[in-house]
Structures are given as structure tokens and as C-alpha cells.
Amino acid sequence: MEKVTLKRSLKLWHIVLMGIGYMTPMVVFDTFGIASETTGGHVPTAYILALVAMLFTAASYGKMIQVFPNAGSAYTYTQRTISPHIGFLVGWAALMDYLFLPMVNALIAQIYLSATFPGLPAWIWVIGFVAIVTSVNIFSVNFTANFNTMLVVFQTLIMVVFIGVAIKRLLNGDGTGMLFSIEPFYKEGINTSALIAGATLMCFSYLGFDAVTTLSEETPNPKKTIPRAIFLVALIGGAMFIITSYFIQSVFPTAAHFKDPEASSPEIAAYMGGLAFQVFFLAGGLAGTLASGVASHASVSRLLYVMGRDSVLPNKLFGYIHPRWRTPVANIVLVGLISVTAVFFDLATAASFINFGALIAFTFVNLSVISYYVVRKKMHKTFKGFFSYLVMPLLGAGAVAILWANLEKSSLMLGIGWAIVGFIYLLYITKLFKVKPASIHFEEMEEMHPSSYIDEEEKSFAVEETGEINQAKNA
């Protein structure tokens with residue numbers, strides 16, 4: 001009987017728009033007030049610095065997808081290059097990031113809609129939001145990608161309209177009174193430490209370029225498509241953030257313009273176009289939240305699928321693919337059920353879970369490049385190899401280290417607690433480290449996808465490890 005697999009049908013633009021949807025372009029308006037306050041009125045520069053820092057890690061993802069083009073992302077890269085045990089823990093930590101983002105989106109939607117319709121109970125919006133996102137993800141990955149595309153296009157339209165209105169106001173003398181000015185990027189007396197703090201804050205806006213790696217098994221040529229998609233998501237998302245924040249900063253040169261810098265979006269909308277523009281912005285905010293919810297729901301269901309297929313999670317449930325829709329339906333429904341528990345969380349608590357998992361994944365993807373290309377393949381002996389496989393991932397890891405240093409204490413404590421639970425589960429599935437965690441059988445992968453996309457060394461490594469696991473089980 002032929003094994004059911006994920007459907008390889010996504011094109012490059014599908015994947016890029018899924019990544020941009022995950023990043024939520026409209027977030028530039030929500031975070032602008034506090035970012036302007038932090039950077040002293042230089043938000044576009046902070047976005048540029050954050051983009052440069054994230055591109056080093058994006059390059060590491062691109063290098064690893066060339067060797068391991070499957071949906072496991074950081075979990076697979078660490079498992080195959082450093083240690084199966086550490087790989088499991090990285091996957092477990094990444095699950096925290098991916099599982100809680102759909103919950104955060106549900107809570108943001110609840111905040112938006114409860115403010116608009118205060119007479120209805122808040123839990124209705126959470127359940128309704130989760131039901132929509134879950135349903136969209138069930139019916140084929142192409143349906144999910146096309147629905148996400150519509151939402152991203154709508155957000156882009158709102159940003160274009162905003163820029164048009166901003167240009168009109170600048171020409172009328174508002175803000176800096178200049179259409180083109182260096183002031184939003186640099187002015188004399190700029191505080192470098194404040195700028196770095198702002199860039200650290202802005203880095204979290206770029207979370208999402210890495211999520212497209214979980215779609216590797218749903219595109220016909222992952223080695224070519226996914227690395228391109230990773231860079232395009234980061235670059236296009238970065239351009240949207242930088243250009244839009246430039247015009248916001250030009251109209252609102254300092255954070256003093258906002259009564260509440262932590263909730264700048266409604267004030268920006270009201271100033272730019274009154275009540276009608278606020279409604280337009282609200283619709284855009286909801287579209288962004290829904291797009292991020294759809295994309296993040298798709299990503300976590302694929303990561304669960306790979307961990308189930310590898311049998312580090314129960315295979316019958318997590319490794320199941322629906323024969324008609326070719327989607328991991330059980331995982332999608334499970335993530336939906338988990339997301340509904342957002343009714344018991346507040347936004348700050350749910351958001352605290354996200355950053356820890358993302359930083360774990362970023363750290364180990366950079367380390368995986370060094371482990372594979374430098375330690376195992378010895379490809380650092382030329383200048384190009386030294387720069388590509390050692391210097392760049394070290395710079396990526398250094399940028400992530402700055403984010404670690406600025407991680408909220410609540411995120412760190414919650415993340416450590418989650419990691420301890422994962423470590424206990426690892427002890428159980430490895431019988432106190434007497435056996436290695438199971439990993440994917442590359443012989444089966446080649447039967448399912450006869451493109452020979454794993455190199456011979458990796459297949460022999462996998463076969464050897466599988467033999468050890470089976471021998472230990474039989475013992």
C-alpha cells in the first residue's frame with residue numbers, strides 16, 4: 001500500500017507570502033510608538049540593523065536546507081549534525097514558539113473584536129478565530145496558501161494607502177515637512193546604545209522567515225525554492241517595515257506625539273484619516289492576525305508531523321496524513337484545540353512563551369552549519385568556505401546572543417520550565433539515554449520521494465543509527 005505523504009504543490013510565491021503572513025506586516029504600526037521612544041525617533045534605522053542581523057541566521061537556514069530539505073527545520077538540522085538528543089530538545093523548544101503563536105494571534109483578535117463589540121463575551125472571538133484558522137488549514141496546503149495570500153495583499157494595500165496619505169501630509173508641512181529626509185535614519189547626537197536596544201526589539205518582528213522551512217516537503221524543489229524563499233521573506237518583509245516606518249517617523253518625528261506609545265496604531269490611524277481610517281486599520285489588523293494565525297498553524301502542524309514520523313512523538317497520531325487533503329489533519333485539529341485554551345491566558349503570558357523557542361532554534365541552526373560544514377565536511381579551509389561556514393554563522397549566533405541578553409525574565413523562566421518537561425520526556429523515550437531518539441528512515445523517504453535529495457553520507461549515517469535503535473529495542 002502506497003504511503004500517503006504531504007503534497008508537493010507550493011510555488012515560490014506561495015511560500016514567500018506564507019512567511020510574510022507569519023511576520024504580520026501591520027505590526028509596524030502596533031510597535032511603532034514604543035520603538036520610537038526606545039530609539040529616540042530612529043525606528044527605520046533599527047529595522048535596518050535588525051534585518052542585517054537576521055540575514056546571517058537566514059543564510060544558515062539556507063545552507064542547512066541544502067542538506068536536509070525536509071519539514072523538520074531546526075529540529076532536523078540539530079538532530080542530524082550535532083546530537084539526536086539535543087535535536088529533540090531543540091524541536092521541543094521550537095514547539096513552544098510555534099504552539100503559542102496561534103494562541104497569541106487568537107488573543108490579539110479577541111482584543112480587537114472585544115473593543116469593537118464590547119457587549120459579547122470575549123471567549124466567543126477566540127473560539128471563532130481558532131475555528132476559522134483550523135478549517136482553512138485542513139483543506140489542502142494550496143487552499144491555505146491562497147487564503148493567506150488574500151490577507152497579505154489586503155495588508156499591503158492598507159500600507160500603500162497609508163504611505164499615500166503620509167506623502168500628502170508631508171507635502172502640506174506636517175511632521176518633518178519633507179518627503180525625503182535623513183532625519184528618520186540619522187541625526188546628530190544619535191544614541192547608539194538606544195539604537196541597538198531598538199534593533200533588538202525589532203528583531204522579533206522578523207520571526208517568520210524561518211517558519212517557511214517547515215513547508216520544505218510541500219514544494220517540488222526544496223533545495224532551490226526554500227533558500228530563495230527564506231531570503232525573500234526577510235528582504236521583502238524588511239523593506240515593508242523600513243519604508244512604512246520611514247513615513248510614520250516622518251509624520252511623527254518623536255514618541256511625544258502619542259498619548260500611549262504602547263498602543264500607537266489607533267492614534268496613527270485617527271490622526272491620518274479619522275474614524276473611517278481607524279476602521280480600515282482595524283480590518284487590516286485583523287487580516288494580519290488571521291494571516292499570521294493561518295501560517296503559524298500550518299508550520300506547527302508540519303513540525304509535529306516530522307516528529308511523529310520520526311517516532312519521537314506517537315507516530316499513529318502525529319505522523320498521519322489525510323489521504324484526500326494531503327495535510328496532517330490530526331495535528332491541525334490538535335493545535336486548534338490547544339489554541340482554544342487561549343481563553344485561560346492573557347496576552348503577556350502567551351507572548352512570553354514565543355521568544356525562547358525562536359531563539360533556541362536560531363542558535364542551533366547557526367551551530368548546525370558549523371558542525372556540519374566545518375567539523376564534519378572540513379569545508380572551511382578556503383577563504384570562501386571559512387567566511388561562509390564559520391564567520392557568517394558565528395555572526396548569526398552573535399546577533400542571537402544579543403537577543404538572549406535582552407530576553408524578558410518571564411520568557412526565560414517559562415522556557416526553562418518547558419525545556420525541563422521536554423528533558424523528562426526525553427529520558428522516558430530513550431530509557432534513560434540507553435537508546436537514541438528515533439530519527440527519520442531515509443530509505444523510506446527515498447521511496448516516497450525518489451529525488452535522492454539526501455546525500456549518500458547522510459543516508460548511511462541514518463541507516464547506521466536506525467540499526468543501533470532497532471538493536472537496542474530488540475535487546
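Residues numbered from 1 in each chain as written. Predicted model: local features only at pLDDT ≥ 70, side-chain atom pairs only at ≥ 80, totals over all residues. Heavy atoms only, no water.

**What about the overall build of the protein chain?**
Here comes step 1: Looking only at helices and strands, one finds 17 helices and zero strands in the protein chain.
Here comes step 2: For the protein chain, the C-alpha radius of gyration of 23 Å lies close to 23 Å, the compact-globule estimate for 475 residues.
Here comes step 3: Along the longest, intermediate and shortest principal axes, the C-alpha atoms of the protein chain span 75 × 55 × 40 Å.
Here comes step 4: Across the 475 residues that make up the protein chain, the buried fraction comes to 56%.
Here comes step 5: At a minimum sequence separation of 6, the contacts of the protein chain that also span at least 24 residues come to 83%.
Here comes step 6: Total accessible area on the protein chain is roughly 19400 Å²; 69% of this is exposed by carbon and sulfur atoms.
Here comes step 7: For the protein chain, the distance from the average position of its 29 positive side-chain charges to the average position of its 27 negative side-chain charges is 6 Å. (Helix = DSSP H or I, 4+ residues; strand = E, 2+ residues; numbered from the N terminus. Rg over C-alpha atoms; globule rule 2.2 N^0.38 Å. Buried < 20%, exposed > 50% of the residue type's maximum accessible area, 1.4 Å probe, protein only. Contact = heavy atoms within 4.5 Å. Areas by Shrake-Rupley, 256 points an atom, 1.4 Å probe, with all protein chains shown as cover. Lys, Arg positive; Asp, Glu negative; His and termini not counted. Charge placed at Lys NZ, Arg CZ, Asp CG, Glu CD.)

**Overview of the layout of surface pockets**
Here comes step 1: For the largest pocket, the calculated volume is near 1700 Å³.
Here comes step 2: Taken together, 47 residues form the lining of the largest pocket, with Val27, Asp30, Thr31, Ile108 and Leu347 sitting closest to its centre.
Here comes step 3: Among the secondary structure elements, those contributing two or more residues to the lining of the largest pocket are α1 (12-23), α2 (27-39), α5 (84-116), α8 (192-203), α10 (264-309) and α13 (347-376).
Here comes step 4: The dominant element in the lining of the largest pocket, judged by the number of residues it contributes, is α10, at 12 residues.
Here comes step 5: For the lining of the largest pocket, a count of residues per class yields 25 nonpolar, 18 polar and four charged. (1 Å grid on protein atoms, 1.4 Å probe; cavity = no way out; pocket = protein on both sides within 12 Å on 5 of 7 lines; lining within 4 Å. Points joined across faces, edges and corners; volume = space filled by probe spheres on them. Nonpolar A, V, L, I, M, F, W, Y, C, P; charged D, E, K, R; others polar.)

**Observations concerning the side chain of Asp174**
Here comes step 1: Note that Asp174 resides in the loop between α7 (141-171) and α8.
Here comes step 2: A polar side-chain atom of Asp174 sits 2.8 Å from a polar atom in the side chain of Arg169.
Here comes step 3: Beyond its immediate stretch of four places on either side in the chain, Asp174 contacts Arg169, Ser250 and Tyr271. (Polar contact = N/O pair within 3.5 Å; in protein donor to acceptor, adjacent residues only side chain to side chain.)

**Looking at the packing of α2 against α10**
Here comes step 1: Packing of α2 against α10 brings their axes to within 8 Å, and their N-to-C directions diverge by 150 degrees. It follows that α2 is roughly antiparallel to α10 by the angle criterion. The residues of α10 that touch α2, namely those facing Phe29, Asp30, Thr31, Phe32 and Gly33, are Ser264, Ser265, Ile268 and Phe281.
Here comes step 2: When the residues that make up the contact of α2 with α10 are grouped by side-chain class, the tally is four nonpolar, four polar and one charged. (Axes fitted to C-alpha atoms, helices over the stretch in contact; angles between N-to-C directions. Parallel < 35°, antiparallel > 145°, perpendicular 65-115°, else oblique.)

**Details of the environment of Thr341**
Here comes step 1: Residue position: Thr341 is located in the loop between α12 (329-340) and α13.
Here comes step 2: Since its relative accessible area comes to 30%, Thr341 is described here as partly exposed.
Here comes step 3: Linking Thr341 and Val126, residues 215 residues apart in sequence, is a C-alpha distance of 8.8 Å.

**Describing the side chain of His297**
Here comes step 1: Looking at where His297 falls in the secondary structure, it is placed in helix α10.
Here comes step 2: A polar contact of 2.8 Å, which involves the side chain of His297, links it to the backbone oxygen of Ile332.

**Quick look at the pattern of salt bridges**
Here comes step 1: On inspection of all chains with the given rule, the structure shows three salt bridges.
Here comes step 2: Between Arg169 and Asp174 there is a salt bridge, with the nearest N and O atoms lying 2.8 Å from each other.
Here comes step 3: Classification of Arg169 as partly exposed rests on a relative accessible area of 24%.
Here comes step 4: Taking the relative accessible area as the measure of exposure, Asp174 reaches 18% and is therefore buried.
Here comes step 5: Its salt-bridge partner being Glu217, residue Arg309 comes within 2.7 Å of it at the nearest N-O pair. A residue pair is termed long-range when its members are at least 10 positions apart, and Arg309 in helix α10 and Glu217 in the loop between α8 and α9 (222-251) qualify at 92 residues.
Here comes step 6: For Arg309, a relative accessible area of 12% translates into the label buried. (Salt bridge = Lys/Arg side-chain N within 4 Å of Asp/Glu carboxyl O.)

**Re a nonpolar patch on the surface**
Here comes step 1: Together, Phe117, Leu120, Trp123, Ile124, Ile127, Val343 and Phe344 make up a nonpolar patch on the protein surface, roughly 690 Å² of accessible area in all.
Here comes step 2: Structurally, the position occupied by Phe344 is in the loop between α12 and α13. (Patch = residues over 30% accessible without salt bridge, like charges linked within 9 Å, V, L, I, M, F, W, Y side chains within 5 Å.)

**Considering the packing of aromatic side chains**
Here comes step 1: Within this structure, the stated rule accounts for 30 aromatic pairs.
Here comes step 2: Ring geometry for Phe88 versus Trp92: centroids 5.9 Å apart, planes at 35 degrees, classification tilted. With Phe88 and Trp92 both in helix α5, this residue pair falls four residues apart, about one helical turn.
Here comes step 3: Owing to a relative accessible area of 12%, Trp92 belongs among the buried residues under this scheme.
Here comes step 4: Members of the aromatic cluster, each reached through a chain of ring pairs, are Phe29, Phe154, Phe162, Phe277, Phe280 and Phe281.
Here comes step 5: It is Arg169 that lies over the ring of Tyr271; its NZ or CZ is 4.6 Å from the centre. (Phe/Tyr/Trp six-rings, centres within 6.5 Å; stacked < 30°, edge-to-face > 60°. Lys NZ or Arg CZ within 6 Å of the ring centre and 35° of its normal.)

**Some remarks on α7**
Here comes step 1: Helix length check: α7 (31 residues) gives 45 Å between terminal C-alpha atoms against 45 Å at 1.5 Å per residue, within 8%.
Here comes step 2: Phi turns positive, to about 100 degrees, at Gly173, one or two residues after α7. (Expected span 1.5 Å × (residues − 1).)

**Description of the nonpolar core**
Here comes step 1: Core analysis: the biggest nonpolar cluster contains 130 residues, and Phe29, Tyr61, Phe162, Phe209 and Ile268 have the highest contact counts within it.
Here comes step 2: Examining the composition of this core, we find that 17 residues originate from one element, α10, more than from any other.
Here comes step 3: Beyond its immediate chain neighbours, meaning those up to four positions away, Phe209 contacts Met23, Met54, Thr57, Ala58, Tyr61, Ile230, Val233, Ala234 and Phe362. (Core = buried A, V, L, I, M, F, W, Y, C linked by side-chain atoms within 4.5 Å.)

**Notes on unusual backbone geometry**
Here comes step 1: The backbone of Lys431 sits at a positive phi, close to 50 degrees, despite the residue not being glycine.
Here comes step 2: Mapped onto the elements, Lys431 comes out in the loop between α15 (409-429) and α16 (442-448).
Here comes step 3: Unusually for a residue other than glycine, Leu432 sits at a positive phi of about 60 degrees.
Here comes step 4: Relative to the elements of secondary structure, Leu432 occurs in the loop between α15 and α16.
Here comes step 5: Residue Leu432 is classed as exposed on the basis of its relative accessible area of 61%.

**Notes on the environment of Leu49**
Here comes step 1: Within the secondary structure, Leu49 sits in helix α3 (residues 43-67).
Here comes step 2: A relative accessible area of 39% means that Leu49 is categorised as partly exposed.
Here comes step 3: Put simply, Leu49 and Asn70 are 21 residues apart on the chain and 30 Å apart in space, counted from C-alpha to C-alpha.
Here comes step 4: Those residues in contact with Leu49 that lie beyond four places of it in its chain are Leu195 and Ala199.

**Here's the deal with the packing of helix α6 (residues 122-138) against α12**
The packing of two helices is summarised by the inter-axis angle and the distance between the axes.
Here comes step 1: Closest axis-to-axis distance for the α6/α12 pair is 9 Å, and the angle between their directions is 170 degrees. Overall, the two elements α6 and α12 adopt an arrangement that is roughly antiparallel. Together, Val126, Ile127, Val130, Thr134, Asn137 and Ile138 of α6 and Val329, Ile332, Val333, Gly336, Ser339 and Val340 of α12 make up the contact between the two elements.
Here comes step 2: Taken together, the residues of the contact of α6 with α12 sort by class into eight nonpolar, four polar and no charged.

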